[in-house]
Amino acid sequence: MTPSTHRVARWCAAQGWAVHPLSPGTKLPPANCRCCSRPTPTRPNPQYIEHETTDCRCIEAGGHCHGVRAATTDPARIDRWWSAEPRFGVGVACGASGLVILDVDDHADADRPANEEYLPGVELPDSARSEAFQSGWDTIAVLCEVRNAPLPWMDPPTLTVLTAGGGLQAWFRVTDPDLWHPGAGRLGWQLDLRAGRSYGIAPGTVTASGAYRALGDCRTVATLPSWLDADLRRTGHYRKPEPARQRPTARQLLATIQRPKSGAYVDAVVRAEVEQVAGAATGTRNATLYSAARALGRFIPTGQLSESEIETCLMVAGTAAGLCDAEMRSAIRSGVRAGISKGTAA
């Protein structure tokens, strides 16, 4: 008898693996609620609330918005999700679970690369001509031949899942999961690595293409084999973090901006808000930027600041904090509008 996906989710969580739901019959997380669904030009959504995923109130409240970001090992939360929809599949968040997953695809219609790109950077044996490659199964077999190694999920054995599309996902344990990065094709043709914020699909999950099934009897996860570890590092799936850059001070930032002379008080407020934004921690940056724009926007009705002057100052500060232009402009304009309303009411 196939165990329910609820039981599978609970079992995964007991292993220390963070899980999240997948929509019934698919490999994708359920749609976000309306407040978390970012609008697009073709799909406007006036209910959307601008926020960073790490600040999502739905996740705090136990919801499953944002898919892998909501992954948890909390049994009560898992029970609530799967009681509401027993047909949910089970996604396992790689980074949060300390895992990387080798994904071997079997796509007959996949585009074929030049012969030397089947295994980039690897000198192929004479037997490995292009006609020898029919799917990712052949690619990993040739890599193992070149490395004189067994198939990575065989020795030592590790939890391995046969996918609905005829491929395979081999699960491995790593000690520094935040430094591993996903990427399709870099290791080899029809080979993918799931890591970080990507996810694996637990056995028992059923999609329109069929069921995901465990291969063999192994239900434990082995450490990533050293030879495969070396190849994945070679192909850029593991990156050490760059040394942290020292952020500029508010005084240094403001020295680069030509700003209006609006009096000592307004100048002090601008300096304080720029300092707050430039020093904002990850997860609070958008909210801090919005708050700063709102605080400065109240000076627009009095003529002490203009919207373009506020945007110039806060864009420089937001860039120093690591925000991108599109998300900054949206947060600044929303905050300025709120500030103008406040200033007018006052």
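Scroll up to find the structure this text is about.
This section reports on the structure supplied with the text.

What counts and what doesn't
Residues numbered from 1 in each chain as written. Predicted model: local features only at pLDDT ≥ 70, side-chain atom pairs only at ≥ 80, totals over all residues. Heavy atoms only, no water. Pairing = 2+ DSSP bridges. Helix = DSSP H or I, 4+ residues; strand = E, 2+ residues; numbered from the N terminus. Buried < 20%, exposed > 50% of the residue type's maximum accessible area, 1.4 Å probe, protein only. Contact = heavy atoms within 4.5 Å. Polar contact = N/O pair within 3.5 Å; in protein donor to acceptor, adjacent residues only side chain to side chain. Disulfide = S-S within 2.5 Å. Axes fitted to C-alpha atoms, helices over the stretch in contact; angles between N-to-C directions. Salt bridge = Lys/Arg side-chain N within 4 Å of Asp/Glu carboxyl O. Core = buried A, V, L, I, M, F, W, Y, C linked by side-chain atoms within 4.5 Å. Phe/Tyr/Trp six-rings, centres within 6.5 Å; stacked < 30°, edge-to-face > 60°.

**Things to note about the pairing of strand β7 (residues 191-194)**
Two strands pair when backbone bridges link them, and strand β3 (residues 99-104) and β7 are joined in this way by 4 bridges, in the antiparallel orientation. Opposite Ile-101, over in β7, you have Arg-194 as the bridge partner. One ladder, built from 2 bridges, connects strand β6 (residues 183-184) with β7; its direction is antiparallel. Directly across from Ala-184, in β7, lies its bridge partner Asp-192. The antiparallel pairing of β6 with β7 creates a hairpin that spans 6 residues between the two strands, and Gly-185 there sits at a positive phi of about 85°.

**A few points about the environment of Asn-32**
Within the secondary structure, Asn-32 is located in the loop between β1 (19-22) and α2 (57-60). Taking relative accessible area as the criterion, Asn-32 reaches 25% and is therefore assigned partly exposed. Apart from residues lying up to four places away in sequence, Asn-32 is in contact with Ser-37, Cys-65 and His-66. Polar side-chain contacts of Asn-32 include one of 3.4 Å to the backbone oxygen of Cys-36. At a separation of 2.7 Å, a polar atom in the side chain of Asn-32 contacts the main-chain amide nitrogen of His-66.

**Here's the deal with the state of the cysteines**
For the structure on display, the rule yields 0 disulfides. Cys-12 takes part in no disulfide bond, and the closest cysteine sulfur to it belongs to Cys-94, at a distance of 12 Å. Residue Cys-12 is classed as buried on the basis of its relative accessible area, which comes to 2%. Cys-218 provides the cysteine sulfur closest to Cys-144, a residue in no disulfide bond, and the two sulfurs are 17 Å apart.

**Examining the sheet that holds β1**
With antiparallel pairing, 3 strands are arranged side by side in an open sheet as β1-β2-β8. Every other strand in the sheet has two partners, leaving β1 and β8 (199-201) as the edge strands with one partner each. Taking each pair of neighbouring strands and ignoring which way they run, the sheet shows an average axis angle of 35°. In this sheet, strand β2 (residues 89-93) lies alongside β1 in antiparallel orientation, the contact comprising 4 bridges. From the neighbouring strand, Pro-21 faces β2, where its bridge partner is Val-90. With respect to the sheet, helix α1 (residues 5-14) is in contact with β1 and β2, its orientation differing from that of β2 by roughly 15°. Running at roughly 10° to β1, helix α3 (residues 75-84) makes contact with β1 and β2 of the sheet.

**Quick word on the pattern of salt bridges**
Taken as a whole and judged by the stated rule, the model has 11 salt bridges. Taking the shortest distance from any N to any O, the salt bridge between Arg-10 and Asp-79 comes out at 2.9 Å. Residue Arg-10 is found in helix α1, and its partner Asp-79 is found in helix α3; the two are separated by 69 residues along the sequence. On the basis of relative accessible area, Asp-79 is assigned to the partly exposed category, the value being 24%. Here Glu-85 makes a salt bridge to Arg-87, at a shortest N to O gap of 3.1 Å. A residue is classified by how much of its surface remains accessible, and Glu-85, at 18% relative accessible area, is buried. One connected set of salt bridges, linked through shared partners, spans Arg-147, Asp-231 and Arg-234.

**As for the nonpolar core**
For soluble globular proteins, the rule of thumb is that nonpolar side chains tend to be buried together. Counting residues in each nonpolar core, the largest one holds 33 residues, and the members touching the most others are Cys-12, Trp-17, Val-19, Trp-82, Val-90, Val-92 and Trp-171. Among the elements of the structure, α1, β1, α3, β2, β3 and β8 are those that each provide at least two residues to this core. The dominant element in this core, judged by the number of residues it contributes, is α1, at 4 residues. Filtering out sequence-adjacent residues up to four positions away, Val-90 remains in contact with Thr-5, Val-8, Ala-9, Val-19, His-20, Leu-22, Trp-82, Gly-200, Ile-201, Ala-202 and Thr-205. Judged by nonpolar contacts, the second largest core, of 31 residues, contains Val-122, Ala-128, Ala-149 and Trp-180.

**A few points about the packing of aromatic side chains**
According to the stated counting rule, one finds 9 aromatic pairs in the structure shown. Ring centres of Tyr-265 and Phe-299 lie 6.1 Å apart, and the angle between their planes is 75°; on these two criteria the pair is classed as edge-to-face. Here Tyr-265, found in helix α8 (residues 264-278), pairs with Phe-299, found in the loop between α9 (285-297) and α10 (307-321); they are 34 residues apart in sequence, far enough to count as distant. Classification of Tyr-265 as exposed rests on a relative accessible area of 53%. An aromatic cluster of at least three residues, connected via ring pairs, comprises Trp-11, Trp-17 and Trp-171.

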